[in-house]
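Each chain, letter by letter, is given below.
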Amino acid sequence: MKEMTKRILLAVVLALVICMVSMFYMINHINSITEKYEDMSVYVENQEKISQINENMYRIENQMFLHIVNSDDELYEEYEKEIETLQDNTSQILAELEEVMDSDKDRESLHQISKSYAGFESSLDIVLEFSRNGYKQSAMYYAEKLTPYINDTNAVFSKVVQNVKQTRKSAVTEMERMIRVIRIIEAVCLAVVFIIIILCISVVTTSGRKILDHQNEENKSHERKVMDLQFKTIVGMANLIESRDGETGEHVKRTGKFVDMIVA
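Since we're looking at a predicted model, the values are computed, not measured.

A.B. asks: What should I look at first to understand the nonpolar core in this one?
C.D. replies: Considering soluble globular proteins, one finds that nonpolar side chains tend to be buried as a cluster. Membership of the largest hydrophobic core comes to 27 residues, with the highest contact counts inside it found for Ile53, Ile60, Met64, Leu97, Phe120 and Leu124. Mapped onto this core, the elements with two or more residues apiece are α1 (2-69), α2 (73-100), α3 (104-132), α4 (136-143) and α5 (146-244). With seven residues, the top contributor of residues to this core is α3. Contacts of isoleucine 53, omitting those with residues within four sequence positions, involve Thr90, Ile93, Leu94, Leu97 and Ile113.

Here it is in structure tokens:
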């Protein structure tokens, strides 16, 4: 019984160790998948922010041209207020990107965007100054110089979009690989548990059979001892009777032999 308990305990401990190691490995891979997903989400968010900067620059350019063709002071203020709002929003987005874009490739892209936007704002200030003072031709001349800055931002945006696609593709490939590994580990754990259950059943069955055989052997031995004791008791009583009456004692012995012959 003790041997059976030891075997079952060993099998259970082995299964627990294998399952715990597998679970640790699975958790590790799940954390890696989560990190990949978060990184991919950050890249997508950065792409959206850069797209917003690009859109703001186009909207600023549009307000600027409206400013140039206008001659109403009230509309000047309206256009300039809208431009200022867009500039504030763009500055805020650039500050947010400054906090999250930490890789060398990202920092280079952010530097190009910031540089293009700084040149864009400088030229914009000149255009608005000429436009408000009535120098419309000069304002239009400098307005045309804003286009290269917007094109530079577009180029960076296209590069970022391409990087996001590559990163997403790489992340998806890596996640799929990790998921396959996790499924293999899951199958191994289930197989180990199944094998351990089979082993436990086998051990219990084998040990139970041995215990049953042992009990049967003990029962047979006990029966033999009882029968031997009964026989000796009968013989003893026969001898006792024979000591007092020889004919009766011999009769008992003859009867016992006759019974043995019939049983045999």
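A.B. asks: Just checking my understanding: could you explain the packing of α2 against α3 for this structure?
C.D. replies: How two helices sit against one another is set out by the angle between their axes and by the gap between those axes. Put simply, α2 and α3 touch, their axes get as near as 12 Å, and they point 165 degrees apart. The orientation of α2 relative to α3 falls into the category roughly antiparallel. Where α2 crosses over α3, the two elements pack in a sense that is left-handed. Counted together, Asp73, Tyr76, Glu77, Glu80, Ile83, Gln87, Thr90, Leu94, Leu97 and Glu98 of α2 and Arg107, Leu110, Ile113, Ser114, Tyr117, Glu121, Leu124, Leu128, Ser131 and Arg132 of α3 form the full contact between these two elements. For the contact of α2 with α3, the per-class residue count stands at nine nonpolar, four polar and seven charged.

A.B. asks: Is there a simple way to think about α2 in this case?
C.D. replies: One turn of an α-helix holds 3.6 residues; hence residues three or four places apart share an orientation. Over its 28 residues, α2 runs 41 Å from end to end, which matches the ideal 40 Å to within 8%, given 1.5 Å per residue. Listing the buried residues of α2 in full gives Tyr76, Tyr79, Ile83, Leu86, Gln87, Thr90, Ile93, Leu94 and Leu97. Where α2 begins, the capping side chain belongs to aspartate 72, and its oxygen is found 3.0 Å from the backbone nitrogen of glutamate 74.

A.B. asks: Sorry, what's going on with the packing of aromatic side chains here?
C.D. replies: Here the structure, examined in full by the defined rule, presents four aromatic pairs. Measuring from ring centre to ring centre gives 6.1 Å for tyrosine 117 and phenylalanine 120, while their planes differ by 20 degrees; the resulting arrangement is stacked. Separated by three residues within a single helix, tyrosine 117 and phenylalanine 120 lie in helix α3, roughly one turn from each other. With relative accessibility at 3%, the residue tyrosine 117 sits in the buried group. Note on phenylalanine 120: relative accessible area 0%, which makes it buried. Relative to tyrosine 142, the ring of tyrosine 141 lies with its centre 5.3 Å away and its plane at 85 degrees, an arrangement referred to as edge-to-face. For tyrosine 142, a relative accessible area of 28% translates into the label partly exposed. Here the aromatic cluster, defined as three or more aromatic residues joined through ring pairs, consists of Phe130, Tyr135, Tyr141 and Tyr142.

Quick notes on the rules
- Numbers given to residues run from 1 along each chain, matching the order in which its sequence is written.
- Whole-chain, interface and lining totals are the exception, using all residues; otherwise, since this is a predicted model, local features are given only for residues with pLDDT of at least 70 and side-chain atom pairs are given and counted only at 80 or more.
- Side-chain numbers here rest on the full set of heavy atoms in the structure, without hydrogens or water.
- We call a set of buried Ala, Val, Leu, Ile, Met, Phe, Trp, Tyr and Cys residues a nonpolar core when their side-chain atoms join them within 4.5 Å.
- Three labels apply to residues, based on accessible area from a 1.4 Å probe with only protein chains included: buried if under 20% of the type maximum, exposed if over 50%, partly exposed otherwise in between.
- The secondary structure listing takes helices from DSSP runs of H or I that are at least 4 residues long and strands from runs of E that are at least 2 residues long, numbered from the N terminus.
- Here, residues are in contact when the closest pair of their heavy atoms is within 4.5 Å.
- Think of each axis as a best-fit line through the C-alpha atoms, taken over the contacting stretch in the case of a helix, with angles from 0 to 180 degrees between the N-to-C directions.
- The scheme is simple: roughly parallel for angles under 35 degrees, roughly antiparallel for over 145, roughly perpendicular for 65 to 115, oblique for anything else.
- Each crossing gets its handedness from the near helix: less than a right angle anticlockwise from the far helix is left-handed, clockwise is right-handed.
- The nonpolar class holds Ala, Val, Leu, Ile, Met, Phe, Trp, Tyr, Cys and Pro. Asp, Glu, Lys and Arg form the charged class, and all remaining residues, Gly among them, are polar.
- Between the first and last residue of a helix there are one fewer steps than residues, each counted as 1.5 Å, and that sum is the expected span.
- Here a polar contact means two N or O atoms within 3.5 Å. Within protein one must be a hydrogen donor candidate and the other an acceptor candidate, and residues neighboring in sequence count only if both atoms are side-chain atoms.
- Between rings of Phe, Tyr and Trp, where Trp is taken as its six-membered ring, a pair exists when centres lie within 6.5 Å; planes separated by under 30 degrees are stacked, by over 60 edge-to-face, and by other angles tilted.

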